[in-house]
Amino acid sequence: MGQECGRRDTPQRKLIRTILGSCHDHPTAETVFERARAVRPHIGFGTVYRNLSVLADDGEILRLPVPGGPDRFDGTVADHGHFYCRSCGAFGDVPLTPDHHRPAPDGFSVEGLVLIVGGRCAACLAAEG
Ligand SMILES: [Zn+2]
Ligand SMILES: [Zn+2]
């Protein structure tokens, strides 16, 4: 039960890395768990969640906090922004442009930027009339 146990590259961690590397829908921990369980039926949610946290802490994946909803996870770590639909949970990528860095004050060295745009997608707006 030592901390070092969590740092080993276990088969579970490899699986979670593979799942995130092969999808672009920014799954929640719950969705990653379902996909992992399809491959390893005995994997537990706690194991999946812990490995997601370790991978995010190590910078191998992104953890995207969603206001009022569960965190989403992303296998693409290169700088990019996101939009999400508050109605259906759709979550997609948007490119970042140098303009996005402009709010930083003069002399500030920008090393990272998190952009998450919330709203409603076209399909949900159409369904609502
Ligand atoms: Zn939607
Ligand atoms: Zn993304």
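Note that this is a predicted model, so its numbers are computed, not measured.

1. Digging into the overall build of the protein chain
Line of reasoning, step 1. Helix and strand counts for the protein chain stand at four helices and five strands.
Line of reasoning, step 2. Reading the protein chain from its N terminus to its C terminus gives the helix and strand order α-α-α-β-β-β-β-β-α.
Line of reasoning, step 3. Dimensions of the protein chain, computed from the C-alpha atoms along their principal axes, are close to 45 × 45 × 25 Å.
Line of reasoning, step 4. Sorting the 129 residues of the protein chain into buried and exposed places 16% on the buried side.

2. Let's talk about the packing of helix 1 (residues 11–21) against helix 2 (residues 29–39)
Line of reasoning, step 1. At a closest axis distance of 10 Å, the pairing of helix 1 and helix 2 adopts a crossing angle of 120°. Comparing the axis directions of helix 1 and helix 2 gives the class oblique. Note that helix 1 runs across helix 2; the crossing there is right-handed. Residues L15, I16 and I19 of helix 1 lie in contact with helix 2, whose contacting residues are V32, R35, A36 and V39.

3. Notes on the nonpolar core
Line of reasoning, step 1. Grouped together as the largest cluster of nonpolar side chains are 12 residues: I16, I19, L20, V32, F33, A36, V48, L52, L55, I61, L62 and F73.
Line of reasoning, step 2. Only helix 1, helix 2 and helix 3 (45–57) provide two or more residues apiece to this core.
Line of reasoning, step 3. Not counting residues up to four positions away in its chain, the partners in contact with L55 are R13, I16, R17, E60 and I61.

4. Section: the packing of helix 1 against helix 3
Line of reasoning, step 1. Packing of helix 1 against helix 3 brings their axes to within 10 Å, and their N-to-C directions diverge by 70°. Classified by the angle their axes make, helix 1 and helix 3 are roughly perpendicular. Two secondary-structure elements touch here, helix 1 through Q12, R13, I16 and R17 and helix 3 through T47, V48, N51, L52 and L55.
Line of reasoning, step 2. Counted by class, the contact of helix 1 with helix 3 contains four nonpolar, three polar and two charged residues.

5. Examining helix 2
Line of reasoning, step 1. When we look at burial in helix 2, the residues that qualify are V32, F33 and A36. All buried residues of helix 2 project into a common sector of 105° when viewed along the axis, lining one side. In helix 2, those exposed residues whose orientation departs by more than 90 degrees from the buried face are E30 and A38.

6. Side note on the environment of V117
Line of reasoning, step 1. Mapped onto the secondary structure, V117 falls in strand 5 (residues 116–119).
Line of reasoning, step 2. Separated by 43 residues in the primary sequence, V117 and D74 have C-alpha atoms spaced 16 Å apart.
Line of reasoning, step 3. In this view, V117 contacts H82, F83 and V94; residues no more than four positions away in its chain are not counted.

7. What about unusual backbone geometry?
Line of reasoning, step 1. A positive phi angle, close to 55°, is found at H26, a residue other than glycine.
Line of reasoning, step 2. The residue H26 is located in the loop between helix 1 and helix 2 in this model.
Line of reasoning, step 3. A tally of 23 C-beta atoms within 10 Å means that H26 is categorised as buried.

8. Focus on the domain arrangement of the protein chain
Line of reasoning, step 1. Segmenting the protein chain into domains produces domain 1 (3–73) and domain 2 (78–128).
Line of reasoning, step 2. A per-class count over the side of domain 1 that touches domain 2 returns three nonpolar, one polar and two charged.

Reading guide: rules and limits
- Position labels on residues start from 1 in each chain and follow its written sequence.
- As a convention, the first chain written is A and the first ligand written is 1, with the rest following in written order.
- Where totals are concerned, whole chains, interfaces and linings use all residues; where local detail is concerned, this predicted model gives features only for residues with pLDDT of at least 70, and gives and counts side-chain atom pairs only at 80 or more.
- Labels follow the DSSP assignment, with helices taken as runs of H or I lasting at least four residues and strands as runs of E lasting at least two, numbered in each case from the N terminus.
- Three exposure classes are used, based on other C-beta atoms lying within 10 Å of a residue's own C-beta, which is placed from the backbone: buried for 20 or more, exposed for 12 or fewer, and partly exposed in between.
- To obtain an axis, a line is fitted to C-alpha atoms, over the contacting stretch when the element is a helix, and the angle between two such axes runs from 0 to 180 degrees between their N-to-C directions.
- Orientation is classified from the angle alone, with under 35 degrees giving roughly parallel, over 145 giving roughly antiparallel, 65 to 115 giving roughly perpendicular, and any other angle giving oblique.
- Take the far helix as the reference: if the near one is turned anticlockwise from it by less than a right angle, the crossing is left-handed, and if turned clockwise, right-handed.
- A pair of residues counts as a contact when their C-beta atoms, built from backbone coordinates, are within 7 Å of each other.
- A set of buried Ala, Val, Leu, Ile, Met, Phe, Trp, Tyr and Cys residues, joined to one another through C-beta atoms within 7 Å, is what we call a nonpolar core.
- Each residue is assigned to one class: nonpolar for Ala, Val, Leu, Ile, Met, Phe, Trp, Tyr, Cys and Pro, charged for Asp, Glu, Lys and Arg, and polar for all the others, Gly among them.
- The reported arc concerns the directions from the helix axis to the C-beta atoms and nothing else.
- As annotated, the domain borders come from an automatic or database domain assignment.

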